[in-house]
Every structure is written in C-alpha cells, then in structure tokens.
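Here are the chains, one letter per residue:
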Amino acid sequence: AAILVSLVDVLHAFAIEEKGDVFKRMACPAFLMFDNAAYLADMTFELPCNCKPEEVSSVIWYFQKNMGSHKTTVLTDFAGTVVVDSGHIHAGSDMLKRFSIRMFSLIVFRAQVTDSGHYLCGTKKGDFFYGYDVDVQPTKHITVAFVDRGQHVQDDYTKKLFSLFTTFWDWTRCDRCGVRGEQRRIGLCYVQSAQLHPRYRTAVPNVTSCGSRAVPARFQHPVHLRRPEVAIRSCLTPCLKEEVPEEGMQAISNVISKLGEKPWLPHVPTQFHKQPVGSGLIIACPGARPEHAVAWDKDSARLYRSRYLVGVNKSMRIFIDHGNHLHIQRVRVSDGGTYFCWREGKMVAGFRLSVIYPQRRRRTLDDPETIYAVKAIGVSYVVISIVFIIIHICRCCQR
C-alpha cells in the first residue's frame, strides 16, 4: 500500500510537470495576434491561455468589444480563481456572472451575441500573452432545413472580393432510442477573402467567421444578412441493453420496491410543478447544452422538431427553441401531464405539470391595479367628452 501511494504521488507530480512543460515549449508571440473562434448563442466555450511566462502563477482575462477600445472589462477577482456554478446561470445575465477561470483558461457560460469581441490573457500589470477573436452568432432568424422534406441549406454567396458559405459541425447523436428520433447539424457563417486583417490568425488561410473583426468594414452589410443554419433529419437507433443481475442475486428490497411501480411509466427522476392558467413556462432539460441532442415527449406523444421547432409556424403556443428549451405560452388546463426529456439518446428526466386556477382576491381602492384602472377610465372619459363637445361646436358653427 505504501508503494502504491508513493507511485500515485510520483505520477501526480509528473502530470504537473508535464502541464508546466506546455508553457515552456510554446513561446508567446512578440506581436499579439488574435485566434478566431466562432460559437452559437447560448453555448459554453473555453479559451485556454496557450502561453505565459514561467514565473506567472495566475492570469487575468480582459474583454474588449473592439480593438483599441478604451472600455475594457476585467474578468477576474484578481486571484485567478473565479468559480461559477453553471447550474445557476440564466440566459441574458451579465457576463461578469457567467464566467470562470480554471487552470489559466477562461470559461464563459451561455454566451450571448454581446459577448463577441476580443479576449486577452495577461497579468494585473497589463502585460498580454495571448488573444482571441470570439464571434458568437445569433439564433434569432436562424435558417432551418428539414432534410426529410427535401429542403436544402443556403447556397454559397460569391462576390468579386469575398465569398460567404456555411461550415457545418458533425451530426449529433440520435436524440431518442428505440423509436424514431431526430438529428441536428449546426452550421456557422464563414467568409473567405484575401483582404482580411493580417493581425487575426485563422485555422484556414483567408477564411474567418462572419462576425470576426478581421472582416473589412465595407463587407459588413452583406455579411450581416447571412444567418447561421441548422439541418434536421430523422434517425433510428436501438437502445443499449442494461445489464440485469442473475436470478437470485437481486436484493429483497429491490423486489419489494418494484411491487408498487407502474411498468408503463419510464423510470426517470420526476419533478412536480404547479403552474397557473394563462402564464408562461419554460422547461430546461437537466445537464443539456445547445450542442447536445435533446428531445421532448408529452406522456406518450413525441414532440418532434419538424412540427414544434420555433419558427415552423407563425403562431406557435408550444415550441422548442434552438437552445433545446421547451416553451409553453398561455398555459391551458389541457397542457397538464408529464413531459419527458431525452439527452444524447437516453431519457433522463420527467416534469409533471399540474395546471391550477389562480386564487381570486378582492381588490381594494389602494391597489396599484385599481388606481391604474380608475386613472385610465377617467382620462378616457375626459378625452371622449372633449371630442363630443368639439364635434357639437363644429356642427353649430356650420349652421
């Protein structure tokens, strides 16, 4: 045992030494460059500080909207140990509440379009080591193509000095197993031109994302008109068989617990919630991110994206957004039931919704709603009276 403990300590020290060697092997550039990185809104991304001096034990991250801007946001607590619980992050919250620094890397949770800009890794004194040009592309008005219906994605847009095209990620896993499911493929907008800013470094020469600061200003108008894309197709994959213990090996408690179970209901953790009639509700799948394959069912009915994806119909009361959230607007009594969530092809959670009528209460004269109603009625009565008097005066003058 003593020998094993000593070996673990040696391996741990070797791992730390290997981590330090990464910074020894990679020297910081003499002229600060910006690596291009593109993401879709609501995604979580990580930016590693790829180089730093050996004597620097903690780093500070800076955010600039535009190059040379006098407004710079410091993303640190000046100790380099910011830790954020990603489970408490909400869309639309300020970026200062959505980031974390771990092992010199910056992690931004649920990125928004306003988070696009320059991220610089440096020190408290203002020395910069590494920089990123981050482009967070919006999900609003995103182009959707259903492959099963024969729909196609956007064609490339080519001009004399530049061309626009879409770079697609790999297809996600099938979002359900054992039944017909769906797959998504996210595509981001990219531009190719020989006139990109030379200070920005890209993986492919003369190619960068459409929202990059490397794109010249004269190209911005046609570039902003092109949106990200998502392709959806049907799929079918079998469920993985769970290992069942041999007969006689199950504990008596397991046998007793199964006597009261309902075999027709999935065995997943279920949350109970009451929602008043007429209100709005947004349900999130536990542990799911926008790039994951997520599906929703209501009881035994499948809520396929081909019918329930946001934007499929102009007037949709129940829909799934591009961040994999289920929206129910103006909740009705018929919306009650159990909503099941699939993540990466496996059912992971249930949401039991009970729709209730809000309790009625008597209004008093000092209620804000009563005061507002009295003022609105009074102003309307005065306006109607004035119009009535003006009409009669005009008729008398005509006579």
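Cut-offs applied
Residues numbered from 1 in each chain as written. Predicted model: local features only at pLDDT ≥ 70, side-chain atom pairs only at ≥ 80, totals over all residues. Heavy atoms only, no water. Core = buried A, V, L, I, M, F, W, Y, C linked by side-chain atoms within 4.5 Å. Buried < 20%, exposed > 50% of the residue type's maximum accessible area, 1.4 Å probe, protein only. Helix = DSSP H or I, 4+ residues; strand = E, 2+ residues; numbered from the N terminus. Contact = heavy atoms within 4.5 Å. UniProt positions renumbered as here; feature names shortened; annotations may be inferred. Salt bridge = Lys/Arg side-chain N within 4 Å of Asp/Glu carboxyl O. Patch = residues over 30% accessible without salt bridge, like charges linked within 9 Å, V, L, I, M, F, W, Y side chains within 5 Å. Areas by Shrake-Rupley, 256 points an atom, 1.4 Å probe, with all protein chains shown as cover. Disulfide = S-S within 2.5 Å. Pairing = 2+ DSSP bridges. 1 Å grid on protein atoms, 1.4 Å probe; cavity = no way out; pocket = protein on both sides within 12 Å on 5 of 7 lines; lining within 4 Å. Points joined across faces, edges and corners; volume = space filled by probe spheres on them. Nonpolar A, V, L, I, M, F, W, Y, C, P; charged D, E, K, R; others polar. Domains from an automatic or database assignment. Axes fitted to C-alpha atoms, helices over the stretch in contact; angles between N-to-C directions.

Colleague: Give a detailed account of the nonpolar core, specifying residues and quantitative values.
Modeller: Ranked by size, the top nonpolar core spans 25 residues in total, and within it F45, L47, W61, L106, Y119 and V134 carry the most contacts. Contributing elements (two or more residues each) for this core: β1 (34-40), β2 (45-47), β3 (60-64), β5 (99-102), β6 (105-108), β7 (117-122) and β8 (128-137). By residue number, the principal contributor to this core is β8, which donates 5 residues. Not counting residues up to four positions away in its chain, the partners in contact with L47 are Y39, W61, F104, S105, L106, Y119, Y132 and V134. Within the second largest apolar cluster, 19 residues are counted, among which are I283, W296, I318 and L326.

Colleague: Can you explain the UniProt feature "transmembrane region" (unreviewed entry) in the protein chain? Please cite residues and give values.
Modeller: Sequence positions flagged by UniProt for "transmembrane region" (unreviewed entry) are, in local numbering, residues 372-394. Spanning residues 372-394, this segment combines 100% helix with 0% strand, and its end C-alpha atoms are found 33 Å apart.

Colleague: Describe the pattern of salt bridges, with residues and values.
Modeller: Applying the stated criterion to the full structure yields 9 salt bridges. Taking the shortest distance from any N to any O, the salt bridge between D297 and R302 comes out at 2.6 Å. Under the relative-accessibility criterion, D297 is labelled buried at 1%. Each of D175, R176, D297, R302 and R305 takes part in salt bridges that share partners, so that together they form one network.

Colleague: An account of a nonpolar patch on the surface is requested, with residue identities and associated values reported.
Modeller: On the surface, a nonpolar cluster with roughly 340 Å² of combined accessible area is contributed by V379, V383, V387 and I391. As for its placement among the helices and strands, V387 is situated in helix α5 (residues 368-398).

Colleague: Kindly report on the state of the cysteines, identifying the contributing residues and their values.
Modeller: In the structure shown here, the tally under the stated rule is 5 disulfides. Here C174 engages in a disulfide with C235; their sulfurs sit 2.0 Å apart. On the sign convention where negative means left-handed, the S-S torsion of about 90° between C174 and C235 marks this disulfide as right-handed. Taken together, the residues span a long stretch of sequence, with C174 in the loop between β11 (162-168) and β12 (180-193) and C235 in strand β15 (residues 229-236) at a distance of 61 residues.

Colleague: With reference to specific residues and values, describe the pairing of β3.
Modeller: The buried fraction of β3 amounts to 5 of the 5 residues, a majority that puts the element mostly inside the structure. Burial of the side chains of β3 extends over both faces: I60, Y62 and Q64 are buried on one face and W61 and F63 on the other. Alignment of β3 against β7, held across 5 bridges, turns out to be antiparallel. Bridge pairing in β7 links W61 to C121. Two elements, β3 and strand β4 (residues 72-75), share 4 bridges in a ladder whose sense is antiparallel. Opposite Y62, over in β4, you have V74 as the bridge partner.

Colleague: Outline empty space enclosed by the protein, supporting the account with residue identities and numerical values.
Modeller: Following the criterion strictly, the structure yields 1 cavity of 30 Å³ or more and no others. Size it by volume and the largest cavity reaches roughly 30 Å³. With 3 residues, β12 is the largest single contributor of residues to the lining of the largest cavity. Residue classes in the lining of the largest cavity are distributed as 2 nonpolar, 2 polar and 4 charged. Counting contributing residues, the lining of the largest cavity receives three or more from each of domain 2 (141-239) and domain 3 (267-381).

Colleague: Requested: an account of the sheet that holds β2, with residues and values cited.
Modeller: Adjacent strands of a sheet form backbone hydrogen bonds with each other and so pair up, either parallel or antiparallel. Taken together, the 3 strands give an open sheet; going across it, the order is β2-β6-β5, and neighbouring strands pair in antiparallel fashion. The two strands at the open ends of the sheet, each matched to only one other strand, are β2 and β5. Neighbour to neighbour, the strand axes of the sheet diverge by 20° on average, direction disregarded. Strand direction decides the pairing type here: β2 and β6, joined by 3 bridges, are antiparallel. Within the sheet, the bridge partner assigned to F45 lies in β6 and is V108.

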